Amino acid sequence: MSTFTPAPMPSALTFELDARCSTTKARAATLTLPHGPVQLPLFMPVATQASLKGLTPEQLEATGCRLCLNNTYHLGLKPGQEVLEKVGGAHKLQGWKHNLLTDSGGFQMVSLLKLANITEDGVRFLSPHDGSPMLLTPEHSISLQNTIGSDIIMQLDDVLVTTSPDAARMREAMLRSVRWLDRCIAAHANPTTQNLFCIIQGGLDLEMRKECCEEMVARNTPGIAIGGLSGGEAKADYCKVVNTCTGLLPELKPRYVMGIGYPEDLVVSVALGADMFDCVWPTRTARFGNAITKHGVLNLRNAKYASDFGPLEDGCDCLCCRRGDGGLNVTRAFINHIAGKETVGAHLLTMHNVWYQLELMRNVRKAIIEDRYPEFLKQFFKDLHTDKAKYPVWTVDALRMVGVDLME
Amino acid sequence: MTISEDIEGSSRASSLSFEISGAIEYSTPDARLGRLSIAGRNDIDTPNFFSISSRGVVPHLTPDVIGEHTQPGGVHVALEDFIERATIGTPPIMNVPGNAPLHTFTCLPTSFITLLAPRRTPAVIAPIGNTNTAISIFTSTGFQSLSNKAYVNYAEKLHPDIIIGLADVPHGTVPGVKRIDKMGDRTEGWLTELLASEHTKSAVFAPILPIEYHSQFEYLNNLDEFADKIRGLAFYDSNLLPDIPATTAVAQLPRLSLDEPSSPHEILRQISLGMDIFTIPFIGFATDAGIALDFQFPSPSTSSEVVSTGNGSTTKSLGVDMWSTEHSTSLDPLSVSCECYACTIHHRSFIQHLLSAKEMLGWALLQIHNHYVLSKFFSFIRESIGQGTFEADCETFARYYETELPEKSGQGPRVRGYQFKTEGPGERKKNQPGWRGDLEVA
């Protein structure tokens, strides 16, 4: 496979590198997509079924979000390709003026369908709605994403849990993902309006990841994703994979690490040279009554918040916490009062948590541009853990790889 | 939009005023126009409606959405939604700082009027009756009793704009002769205590009981004595309205309906009896059922959507069932020419998808739309009364629309325990489970 020569591939994005951290591998960039520019590094909230968990598109826009996810797998089942075709795509379906990214449906094979059967053809599975057999091929995935009309589309990949001990199967999955990328590129009908990203596979085996990077980079897609992670592997292993891959990827393309969303993971991954992230955790945990703050996650269903009339987070500028300027003055006590009982509690926490994630990345970007990202990292971990003894070992080790010593 | 900050509350509540304006002499003698004003809040032209809240929120709608996309005059808040901790200590809402704890706690826009009632509407039937000093209420942790003394205490601290006096209402059961005798006496006693409170800044609405006029004759007669202290009447049964003597001071008070109208026709009937302000449970029922309300008063300006029933007469449905897959590719708004947020930004296809995918936004958009439809409905009613055409317009409406809302065909949002009482063991689930096939046959 190493003699592959890529066909020239059109791209529907521009990538401008705005700044580079002088210590770590962190970068700030501007990515201009068909529905407008976004600033990297970036967190993308997940609107699985064309809706961000109860928020109106207007409310999502107010958090500053300009690029969110939809899931191809879910939209393919509901409302289905035919409806999407007739309506005119997912932007139009959900009234979203900004950018969309869709995954390929490959990850849901691992996360939702334990007994999916993967062959060279594609993924064979049973519809979760009625049990009828279905086949998802690279061509079908791309066709669906073409109909959805998302600004960034992902290749179908053969996803295996990273912790799988079967090295032969892992290698097979990696090589198959490369072959499927070629099929995706060939099937892609709108390369001038939708950007196809490849997905680096290879589990936790760094040699396999290197091999995959070479093959994928040679295909010259507009952007590159690192996939197969956040599946329960040790954080130290995760960091080694990201660090290895970013070292091999071209400087002037966006790098998207799939499925990452804990604040610690985000700031470390940025230091390791990644640009884009997505995760359902902030919105899911909101529905469990949890508010993300810089001092950690608060479970507001706990009785100790019943009479706590403070904001969700002191100094937070989200619509819920903001004082004045149209802010809602939502208190912890009010969320405690409605969490798990009225969906409005989940909506309010979803707004706060999405804002927290986006604001974190805005501050990360600012720190990179002002070339004080190492200081930012130190303050971030100080706020989160107070005591250095409580810093997770993996964060300390990972940041040492890129020249930052949190213990200093 | 302004959101509740601590506001100067000292002169606010007692500032409620209600002016009945002209048009009484026209058409239906009792339908009337009015304006309810409370300092610091938006004036409300009546007839109009208050949104019904659950635990202090209008279901599905965050406070910013209520402020930006809905126009109800106020919000009905049930005390029983806030005091589940009363059995083990002080309910948190009693510790909210500031002059308007109810507004502050619930993050309601300051322009909205808060109306505090002891119980939700509709209320869950309590297994134990009321006593001479207390009523049974249903909190999120179970049944409790709420004494009038405690109720007055809550009122003094929470400062709702309007408070309905505690009433001995036997929700869901038919009271016997002996009970009926007590109802008026108890309610009058409780009202007297509430009015005697020097710390209550709220405007007190006297409850009118859902029993025959002659059974509460004494109580109603005595209301005249309080007429300078009470600021409104709250009717548990709108049929008592014609019995309120038109000549007394009590007749000049604003009238609130807790009579749970089941359809717009019922609202019109109550307006023709002289009702001013409504609480309308069917808005929420329609939203949860996935029904987009679709009616105008007296009828749409364009009559293109009339459905022929086949026998020459035509009646139009009062709502559109959005679960129906016939909407799955429709880019039409929920109602033709509706200007609500849901209809101007979104379309039927999206809302059908959201319901089918059980995404919460579906119900939020329907709730916005359904509130908007009612706001428009009332605004056209006021216009009609002002023009003296109300009676004729009601007839047009009755001819044009079906009598009841469409049946629910799909599923509602997940039902939470606190607003429903189980009917005992073996009760069927409200929603169907998802498909649970055996994946092993793959």
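Residues numbered from 1 in each chain as written. Chains lettered and ligands numbered in written order. Predicted model: local features only at pLDDT ≥ 70, side-chain atom pairs only at ≥ 80, totals over all residues. Heavy atoms only, no water.

Caption draft 1: Inspection of the overall build of chain B at higher detail. A tally of regular secondary structure across chain B gives 11 helices and 15 strands. Considering chain B as a whole, with its 442 residues, one finds that 57% of them fall into the buried category. In chain B, the share of contacts with a sequence separation of at least 24, taken over all contacts with a separation of at least 6, comes to 70%. Carbon together with sulfur atoms contributes 49% to the accessible area of chain B, which is approximately 17,900 Å² in total. (Helix = DSSP H or I, 4+ residues; strand = E, 2+ residues; numbered from the N terminus. Buried < 20%, exposed > 50% of the residue type's maximum accessible area, 1.4 Å probe, protein only. Contact = heavy atoms within 4.5 Å. Areas by Shrake-Rupley, 256 points an atom, 1.4 Å probe, with all protein chains shown as cover.)

Caption draft 2: The arrangement of the packing of aromatic side chains in detail. All names here are of chain A. Taken as a whole and judged by the stated rule, the model has 22 aromatic pairs over all chains. Judged by centre distance (5.7 Å) and plane angle (15°), the ring pair of Tyr 373 and Phe 376 falls under stacked. With Tyr 373 and Phe 376 both in helix H13 (residues 373-385) and 3 residues apart, the pair spans about one turn of that helix. Note on Tyr 373: relative accessible area 0%, which makes it buried. Ring centres 5.9 Å apart and planes at 45° place the aromatic pair Phe 381 and Tyr 391 in the tilted group. Placement of Phe 381 in helix H13 and of Tyr 391 in the loop between H13 and helix H14 (393-401) is noted, with a sequence separation of 10 residues between them. (Phe/Tyr/Trp six-rings, centres within 6.5 Å; stacked < 30°, edge-to-face > 60°.)

Caption draft 3: View of the nonpolar core. In this structure, A:Tyr373, B:Leu223 and B:Leu374 are the most contacted members of the largest nonpolar core, which totals 212 residues. Those residues in contact with B:Leu223 that lie beyond four places of it in its chain are B:Leu191, B:Ala206, B:Ile208, B:Ile230, B:Leu233 and B:Val250. If you look at the next biggest cluster of nonpolar residues, it comprises 23 residues, including B:Leu36, B:Leu115, B:Ile164 and B:Phe205. (Core = buried A, V, L, I, M, F, W, Y, C linked by side-chain atoms within 4.5 Å.)

Caption draft 4: Looking closely at the interface of chain A and chain B. Residue-level contacts link 52 residues of chain A with 52 residues of chain B. Across the interface of chain A and chain B, roughly 4,400 Å² is buried in total on both sides, 64% from carbon and sulfur atoms. Contact with chain B buries surface across chain A, with A:Phe309, A:His337 and A:Lys341 losing the most and accounting together for 14% of the total. The salt bridge partner of A:Lys53 is B:Glu359, with a shortest N-O separation of 2.9 Å. The interface formed by chain A and chain B includes 13 residue pairs in polar contact (both at pLDDT 80 or more). Of all the secondary structure elements, the ones that give two or more residues to the side of chain A that touches chain B are helix H1 (57-62), helix H2 (72-87), helix H3 (90-94), helix H11 (332-338) and helix H12 (343-369) of chain A. Considering only residue class, the side of chain A that touches chain B consists of 23 nonpolar, 20 polar and 9 charged. (Buried area = accessible area lost by both parts, 1.4 Å probe. Salt bridge = Lys/Arg side-chain N within 4 Å of Asp/Glu carboxyl O. Polar contact = N/O pair within 3.5 Å; in protein donor to acceptor, adjacent residues only side chain to side chain. Nonpolar A, V, L, I, M, F, W, Y, C, P; charged D, E, K, R; others polar.)

Caption draft 5: Structural view of the UniProt feature "active site" (unreviewed entry) in chain A. Residue and element names in this part refer to chain A. When the UniProt feature table is mapped onto this chain numbering, "active site" (unreviewed entry) sits at Asp 103 and Asp 278. For the residues just named, distributed over 176 residues, the greatest C-alpha separation is only 10.4 Å, placing them together at one site. Accessibility expressed as a relative area gives 6% for Asp 103, which makes it buried. When near neighbours in sequence (up to four residues on either side) are disregarded, Asp 103 contacts Asn 70, Asn 71, Thr 72, Tyr 73, Gln 108, Gln 145 and Met 154. A distance of 3.0 Å separates the side chain of Asp 103 from the side chain of Asn 71, its partner in a polar contact. With respect to the helices, strands and loops of the structure, Asp 278 is situated in strand S14 (residues 276-278). Residues within four places of Asp 278 in sequence aside, it is in contact with Phe 43, Met 44, Val 46, Leu 69, Tyr 256, Val 257, Met 258, Gly 259, Ile 260 and Gly 261. (UniProt positions renumbered as here; feature names shortened; annotations may be inferred.)

Caption draft 6: Representation of the pattern of salt bridges. This model, assessed by the stated rule, comprises 34 salt bridges over all chains. A salt bridge links A:Asp158 to A:Arg176; the nearest nitrogen and oxygen atoms lie 3.2 Å apart. Pair noted here: A:Asp158 is in the loop between strand S10 (152-154) and helix H6 (167-187) and A:Arg176 is in helix H6, with a separation of 18 residues, a long-range link. As far as the burial class goes, A:Asp158 and A:Arg176 line up, both buried. The partner of B:Arg119 in a salt bridge is B:Glu80, with the nearest N and O atoms 3.0 Å apart. On the criterion of sequence distance, the pair formed by B:Arg119 in the loop between strand S6 (113-117) and strand S7 (134-139) and B:Glu80 in the loop between strand S5 (74-78) and helix H2 (101-106) is long-range, its members being 39 residues apart. The class of B:Glu80 is buried, set by a relative accessible area of 1%. Several salt bridges share partner residues, and in doing so they unite A:Glu120, A:Asp158, A:Arg169, A:Glu172, A:Arg176 and A:Arg179 into one network.

Caption draft 7: Representation of helix H11 (residues 390-400) of chain B within the structure. Residue and element names in this part refer to chain B. Residues of H11 that are buried include every one of Phe 390, Asp 393, Cys 394, Phe 397 and Tyr 400, and no others. For H11, the arc enclosing every buried residue in end-on projection is 130°, short of the 170-degree limit, so these residues lie on one face. In this structure, the buried side of H11 is in contact with helix H6 (264-272) and helix H10 (360-387). (Arc of directions from axis to C-beta.)

Caption draft 8: Fine view of the sheet that holds strand S1 (residues 14-20) of chain A. All names here are of chain A. One open sheet accounts for 3 strands, arranged S1-S2-S3; its pairing is antiparallel. Pairing within the sheet leaves two strands with one partner each, and these edge strands are S1 and strand S3 (36-40). Averaged over all neighbouring strand pairs, the angle between strand axes comes to 15°, with direction disregarded. Packing against the sheet, H12 makes contact with S1, strand S2 (27-33) and S3, and its axis sits at approximately 120° to S2. (Pairing = 2+ DSSP bridges. Axes fitted to C-alpha atoms, helices over the stretch in contact; angles between N-to-C directions.)

Caption draft 9: Quick look at the environment of B:Glu188. Residues and elements named next belong to chain B. Along the chain, Glu 188 falls in helix H4 (residues 177-196). Residue Glu 188 is classed as buried on the basis of its relative accessible area, which comes to 17%. Along the primary structure Glu 188 and Glu 266 are separated by 78 residues, whereas in three dimensions their C-alpha atoms are 29 Å apart. Apart from the residues lying within four places of it in its own chain, the contact partners of Glu 188 are Glu 218, Tyr 219 and Asn 222. Polar side-chain contacts of Glu 188 include one of 2.7 Å to the side chain of Asn 222.

Caption draft 10: Quick peek at the UniProt feature "binding site: Zn(2+)" (unreviewed entry) in chain B. All names here are of chain B. The residues that UniProt annotates with the feature "binding site: Zn(2+)" (unreviewed entry) are Cys 338, Cys 340, Cys 343 and His 369. The greatest C-alpha distance among the residues just named is 8.4 Å, despite their covering 32 residues of sequence, which places them together in space. Looking at the element boundaries, Cys 340 is found in the loop between strand S15 (319-321) and helix H8 (341-345). Ignoring anything within four residues of it in the chain, the contact list for Cys 340 reads His 369 and Tyr 372. With respect to the element layout, Cys 343 can be found in helix H8. For Cys 343, a relative accessible area of 8% gives the class buried.

Caption draft 11: Looking closely at the environment of A:His98. For A:His98, the position within the fold is in the loop between H3 and strand S6 (99-102). If we skip the residues at most four places from it in the chain, A:His98 touches A:His35, A:Glu61, A:Cys65, A:Arg66, A:His91 and A:Asp151.

Caption draft 12: Molecular detail of the packing of H6(A) against helix H7 (residues 206-218) of chain A. All names here are of chain A. Between H6 and H7, the shortest axis-to-axis distance is 10 Å and the interhelical angle comes to 10°. Comparing their axes, H7 and H6 come out roughly parallel. Between H6 and H7, the contacting residues are Ala 167, Met 170, Arg 171, Met 174, Leu 175, Ser 177, Val 178 and Leu 181 on the first element and Met 208, Glu 211, Cys 212, Glu 215 and Met 216 on the second. The residue makeup of the contact of H6 with H7, split by class, is 9 nonpolar, 1 polar and 3 charged. (Parallel < 35°, antiparallel > 145°, perpendicular 65-115°, else oblique.)

Caption draft 13: Highlighting helix H8 (residues 235-248) of chain A. For H8(A), with 14 residues, the first-to-last C-alpha span of 20 Å sits near the 20 Å given by 1.5 Å per residue. Looking at the buried residues of H8(A), the elements they touch are strand S11 (195-200), H7, strand S12 (223-226), strand S13 (255-257), helix H9 (263-271) and H14 of chain A. (Expected span 1.5 Å × (residues − 1).)

Caption draft 14: Structural context of unusual backbone geometry. Along the chain, A:Lys78 connects to A:Pro79 via a cis peptide bond; the corresponding omega equals 5°. Of note, the amide linkage connecting B:Thr121 to B:Pro122 takes the cis form, showing an omega dihedral of 0°. Along the chain, B:Pro122 falls in the loop between S6 and S7. Despite not being glycine, A:Asn220 has its phi angle at roughly 60°, a positive value. As for its placement among the helices and strands, A:Asn220 is situated in the loop between H7 and S12. What makes A:Asn220 partly exposed here is its relative accessible area of 33%. A positive phi angle, close to 55°, is found at B:Lys358, a residue other than glycine.

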